[in-house]
Amino acid sequence: MAYVATKGGEEAIQQAERLFHTLKGRVTPQLVREIEMTMPYLVDRVMGEGALYAPELAALALAQAGGDLYEAVLLLRAYRSTQPRIAYARPLNADQLLTVRRISAAFKDIPGGQVLGPTLDYSHRLLRLDWLDGEAGQQPEPVNADDAPAAPNYPLVADWQRQQGLIDGELPPVESIDPADIPDVTRDPIAMPAPRAHRLQSLARADTGGVLALGYASMRGYGFIHPTVNELRLAEADVAVTHPVTGEPFSIGRVRVSQAEIVTSGKSGYKIGFAATMGWNEVKLIAAATLDVEMSQSEPHPAHTEDFVLYHTEPIESSGFCIHFKLPHYVTFASSMDNVRKVIAAMYPDSREARNVAADARTERKVAEQQPGSSPTNGTAASDSPAETSQPEEQPS
Amino acid sequence: MSLTKLVTAQADYSYGFLDAYAKRELRRRILKGIAIPGYQVPYASRELPIARGWGTGGLQVTLSLVGPESVVKVIDQGADDSVNAANLRRFVTRMSGAQTTADTRQATLIQSRHRIPEEVMQEGQVLILQVPDPEPLRAVQSDLAKAREMHADSDYGQMWLVLYEQLVRFKRYMQGASYPVLVHDRYVMSPSPIPRWDTPMLHQAAHLTILSAGREKRLYVVPPYTNVYPLEFTDVPFQVEDQREWVCLRTGAQHKFMNEIPQADGGSTYEVSDTGYADKLVAQQRGEQPWIGRTYYDDEGNFYHAGYLKPPVIPET
């Protein structure tokens, strides 16, 4: 026995893929490097949602997918699922992050200071058409370095609030956590209510647009809270693992990370919402941290339950299911059409369907008379006159 | 014995794509599913290089069961040459080296979307159905945790209420495909969006059926020789699609599930949906002698378990 003979379908899908790649242009190592260097925020978004920190591979995924974000994320996720887990990183506290931007909207100034860092927040959104002129393109103006370098680490705003007794709830002790024991949403089936680890991991991988839509709905008033950005951080983090021989921690590299904390007032102090992700993605994290609080309400809005938020912001699942409606559904459609025709026939005696059913019934009677013993039951009568073309001579009674 | 025979050649991907841990997890979940017919077993569900919602649940089961000796058939809407079926088949063979077939009788593993083949499947064969929504209670309870409690309590009253309301409003059950069934007298199960024509084929079947939803991360099983009954009131029996008058344009066959093809003149033609079966009928008409198995519905439209399907009853107002 051999491979099923190649039929039209198989040839068609291969040619369709070739056409896609022909129209999108050629991918070169140089292009991939340029995407990686010039579009870090796009690469970060793909790495975050793709749940794989690999800037070069994320850039490749973007190039290979012709810039289709969901396709790029799927490429990374599918690659990720083939990779073995060879070690667990050690837990990291936020005050150990090598922080480059850190702001709080809750206070004018905070211990360690507000650090504006790299941002477009206060840029004029004027399209720089002059960068199109000539060969030079953008000529970046140099950044004036401060006399004293900024501190690499900063304390947490929430720590000050905790000391003041303003925060509702306590943090679990960090030292006791073995990283291997942390529930892993990529390896465990998710159940609702989800363990906190699953919730935060799901938000870290969540679709930026999806999280924004649901978070924005909360902010506009469909939710029950008013978020205040307690602290927002962009940082680089040393990934520390335990050396398999010496047992000592050592850094295996640095990754870009970001995290956001929002607070909202409650009866027993401020509630904290938290979200973090690989890469720098501020809008997603503020929305996700808001949803973190919304999901913990005793009676959340239906669009802010944990079940609703986590399932519907999964980028691979939501985008995949949406585009799957392009697949043929003619069997299910035929099944429903069978019901609809019967109902129309029963409800509207003058309809074409009713006339067809009446014609069928007459044919059945005729066949039953010709074949004694057979009864016109479900799927037992036969006829050689196609139902759709037979026209009754009279209206059915 | 040489070293090259003892070691495995380096490969970019694991055999069958999934790593050993993922395969082990899936096999354990399948065994649990077999032990509890119709019960939805959660699983981690790995990302595959196929878009989610395009058969990744079925594909994970196929990849965890496939071996070099397997003979795989993949169909979509009954068709082997549908583009998505062709794509999944290409992936399974690329990752496993398994043989493929369009012949239901020859296949050891059949992955399908929305159809069960017309020929009666045998002991030892495995049918893997792709599932978009594993939760039959979704329409009455969208909260998954609450739906699980309802299953635990056999709390299916709302399902019966839905059927009753359909009878009141439409004088018939309005569920098209995915008609809910009761498995082993215990769990209400969605049979995946197979037409009602296929639903009875799950009852007391000789083969093993594994239903898997990759996106929703749950699988469930109908073991061989298990009772599967559609939800129906005793006085208003469940009905399969009424295609009694339809004749296949290609083969002249009747009483097999048909695709209706709209025609420019306003009418329709019909063709047998199961292309593997239809191809064998065509071969037979050409004078060849293909191995055609017994079908679930005979040429008079009688289902092979006599008495399982009952004549229609229109409820009184």
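Residues numbered from 1 in each chain as written. Chains lettered and ligands numbered in written order. Predicted model: local features only at pLDDT ≥ 70, side-chain atom pairs only at ≥ 80, totals over all residues.

Draft legend 1. Representation of the nonpolar core. Among the nonpolar cores identified, the biggest contains 135 residues, and A:Val46 and A:Ala61 are the most heavily contacted of them. Residues within four places of A:Val46 in sequence aside, it is in contact with A:Ala58, A:Ala61, A:Leu62, A:Leu69, A:Ala72, A:Val73 and A:Leu76. (Core = buried A, V, L, I, M, F, W, Y, C linked by C-beta atoms within 7 Å. Buried ≥ 20, exposed ≤ 12 C-beta atoms within 10 Å, placed from the backbone. Contact = placed C-beta atoms within 7 Å.)

Draft legend 2. Representation of the interface of chain B and chain A in the model. Listed by partner, the interface residues are 69 residues for chain B and 56 residues for chain A. Looking at the side of chain B that touches chain A, the elements with two or more residues in it are strand 2 (71–76), helix 4 (83–96), strand 3 (99–100), helix 5 (144–152) and strand 11 (258–262) of chain B. By residue number, the principal contributor to the side of chain B that touches chain A is helix 4 of chain B, which donates seven residues. Along the lines of polarity and charge, the residues of the side of chain B that touches chain A split into 24 nonpolar, 23 polar and 22 charged. (Helix = DSSP H or I, 4+ residues; strand = E, 2+ residues; numbered from the N terminus. Nonpolar A, V, L, I, M, F, W, Y, C, P; charged D, E, K, R; others polar.)

Draft legend 3. Local environment of the packing of helix 2 (residues 20–35) of chain B against helix 3 (residues 56–65) of chain B. Residue and element names in this part refer to chain B. Viewed as axis vectors pointing N to C, helix 2 and helix 3 meet at an angle of 100 degrees, and their least axial separation amounts to 9 Å. By the angle class used here, helix 2 and helix 3 are roughly perpendicular. Contacts between helix 2 and helix 3 pair Lys23, Leu26, Arg27 and Ile30 from the former with Gln60, Val61 and Ser64 from the latter. Across the contact of helix 2 with helix 3, the residue classes tally to three nonpolar, two polar and two charged. (Axes fitted to C-alpha atoms, helices over the stretch in contact; angles between N-to-C directions. Parallel < 35°, antiparallel > 145°, perpendicular 65-115°, else oblique.)

Draft legend 4. Seen up close, the sheet that holds strand 4 (residues 269–278) of chain A. All names here are of chain A. With antiparallel pairing, the four strands of this open sheet are ordered in space as 1-2-3-4. Of all strands in the sheet, those with a lone pairing partner are strand 1 (98–103) and strand 4, marking the two edges. Each adjacent strand pair in this sheet contributes to an overall mean axis angle of 20 degrees, direction not counted. As paired strands, strand 2 (residues 228–242) and strand 3 (residues 249–266) are joined by 13 bridges and run antiparallel to one another. Within strand 3, the position partnered with Glu236 by the bridge is Arg256. (Pairing = 2+ DSSP bridges.)

Draft legend 5. Summary view of helix 7 (residues 196–205) of chain A. Listing the buried residues of helix 7 of chain A in full gives A:His198, A:Arg199, A:Gln201, A:Leu203, A:Ala204 and A:Arg205. At its buried positions, helix 7 of chain A is contacted by helix 3 (40–50), helix 8 (208–222), strand 4, helix 9 (282–295) and helix 10 (306–312) of chain A.

Draft legend 6. Expanded view of the environment of A:Phe321. With respect to the helices, strands and loops of the structure, A:Phe321 is situated in helix 11 (residues 315–324). Those residues in contact with A:Phe321 that sit more than four places away from it in its chain are B:Arg52, B:Gly53 and B:Arg215.

Draft legend 7. Geometry of the pairing of strand 5 (residues 126–130) of chain B. Residues and elements named next belong to chain B. For strand 5, the buried fraction is high: four of the five residues fall into the buried class. Sheet analysis places strand 4 (residues 109–113) next to strand 5, joined by four bridges and oriented parallel. Its bridge partner being in strand 5, Ile110 is matched across the sheet by Leu127. Bridge count for strand 5 against strand 8 (residues 208–213) is five bridges, and the pairing is parallel. If you follow Ile128 over to strand 8, its bridge partner there is Ile210.

Draft legend 8. Spatial organisation of the domain arrangement of chain B. Residue and element names in this part refer to chain B. What the domain assignment reports for chain B is domain 1 (20–230) and domain 2 (242–304). Measuring from the centre of the C-alpha atoms in domain 1 to the corresponding centre in domain 2 gives 24 Å. Opposite the 19 residues of domain 1 that make contact, domain 2 presents 15 residues. Of the residues belonging to the side of domain 1 that touches domain 2, the class tally is eight nonpolar, three polar and eight charged. (Domains from an automatic or database assignment.)

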